[in-house]
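Examining the three-dimensional arrangement
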Amino acid sequence: MDKYDAAICGAGPSGSTAARYLAKKGLKVVVIEKSSFPRDKPCGGALRPSVIDEFDYVRHGIKKIPHSICCRAKMYPPSLNNFVDYNPKKTVMYNVQRIHFDAMLADFATSAGAELRENTRVKSVSARSDGYILHLNDGKEVRGKVIIGAGGIYDPVAKYLRRKEGLPPKWPESDIGLAVMEEYEVGEDFIIDRFGEEHTSYFHLKPNNLYGYAWTFSKENALNIGFGAFWNEMKKIDIMKQFSTYLAFLKKKGLVPDKIKQKKPKGAPIPLRGCIKTSYSDGMLLIGDAAGFVSPIGGDGIYYGMSSGKIAASTVEYAVEHDAFDKETLSGYQREWQKQWGEDLKVLCYFADKMFTKTEQVLKYANRDKVLLEKCVWLYNGECSASEIKWKIQTRVARDFFLYDVLRLK
């Protein structure tokens, strides 16, 4: 049996980030990945500016893979009236293709000294006095002084931790969202001609009255098209028909070439209603989607996944240094992510409910109130702490209600 300081289940952004930081500190770490790189991930591929600002190695690495910088966003309500055009002349978000981005992060981890086992699944988890064992589908086993669950919503480490901590065995169906998407190669000339040098991103809120949004993001030479909502709503519709309808709409608007033929979209489940109650236990940590670190308003989890991976690595480094892997020692992990952005995720749940129940009203106000518009965009792209601007947004909405619905100013 191979022994490690840390064994990580999943080599997505959260797992690869944790592995890189751990390996950089000289710890022995292995990452178990069920697929092989390069592999795609159903996702819009939009990165918050904070991903680039807070992870210097990503800032340098992204220059070597296809990407675009979005400096403009257009948001539409279901009626397509009162759409807002946010054009701040600065970066709104970075657009990447996950097939390249995830492979880049995995390369950073292995270059730092982490071991990556691809095409390997964690079948189950068991405990020993000297750590935990990950039982793999190839019949092998690895032992970690600490094991880290980074395998998404159905992560096996998370399943074990839930049982150990007396939590519900899985995410409630009402908390699960589904994102479906497809990418189409359209060429750089088409991208610049139709989306401009700003690489304008399009958001269509509440498509087919779903609690969510559809999107069209322009990459370097491709379009990422998709939509997402809660699974309870998505299972009631014909997803292929909905995707086809949206694609036809985009063609009519000139945002997709007529010659493009629809492909069957890929889908992925994500937790959308906040964090797991307990993200740690004796010798175990959960990071990324496995812990529910996903924005309820945007559905994006890359930043929170990478940030939690970095925090987890720091916690494990301390535990190894002090040869202490008990629950109390590892509890510092949860305290730290709670301090950094735990409250923000709660606030984003609140604003998501407001946005998707009063979409027409919110966009009407944002169309007339540029201060409100800017702060709403900040909620989406994380440019500012959601908890810090909550009262400011509430104040602006109350002001706009009085001006435009009570006084009925034009």
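Attention in this report is confined to the structure presented alongside it. (Residues numbered from 1 in each chain as written. Predicted model: local features only at pLDDT ≥ 70, side-chain atom pairs only at ≥ 80, totals over all residues. Heavy atoms only, no water.)

1. A few points about helix 12 (residues 370-381)
Stated formally: Runs of E in the DSSP output that reach at least two residues are strands. Runs of H or I that reach at least four are helices, and both are numbered from the N terminus. For a helix, the expected span equals 1.5 Å multiplied by the residue count minus one. Working definition: with a 1.4 Å probe on protein chains only, accessible area under 20% of the residue-type maximum means buried, over 50% means exposed, and in between means partly exposed.
Its 12 residues give helix 12 an end-to-end C-alpha distance of 16 Å, which sits within 8% of 16 Å, the value for a rise of 1.5 Å per residue. With 9 of its 12 residues buried, helix 12 lies for the most part within the structure. Those residues of helix 12 lying buried are Leu372, Leu373, Lys375, Cys376, Val377, Trp378, Leu379, Tyr380 and Asn381. Phi for Gly382, located one or two positions after helix 12, is positive at around 70 degrees.

2. A closer look at the pairing of strand 7 (residues 93-96)
The test is simple: Any two strands are treated as partners once DSSP identifies two or more bridges connecting them.
Residues Met93 and Asn95 point to one face of strand 7 and Tyr94 and Val96 to the other, with burial holding for every one of them. Bridging between strand 3 (residues 46-47) and strand 7 involves 2 bridges; their strand directions are antiparallel. By the bridge assignment, Leu47 is partnered in strand 7 with Tyr94. Relative to strand 7, strand 4 (residues 67-70) runs antiparallel, the two sharing 4 bridges. By the bridge assignment for strand 7, Ile69 is matched with Tyr94.

3. Considerations on the sheet that holds strand 14 (residues 212-218)
Worth spelling out the cut-off: Only the contacting stretch of a helix is used when fitting its axis, a line to C-alpha atoms as for every element, and angles between N-to-C directions run 0 to 180 degrees.
A sheet is described by the order of its strands in space; here 7 strands give the open sequence 6-5-13-14-15-12-16, paired in mixed fashion. Since the sheet does not close on itself, it has two edges, and those belong to strand 6 (84-86) and strand 16 (266-271), each with one partner. Neighbour to neighbour, the strand axes of the sheet diverge by 20 degrees on average, direction disregarded. Both strand 14 and strand 15 (residues 222-230) contribute to a ladder of 7 bridges, which runs antiparallel.

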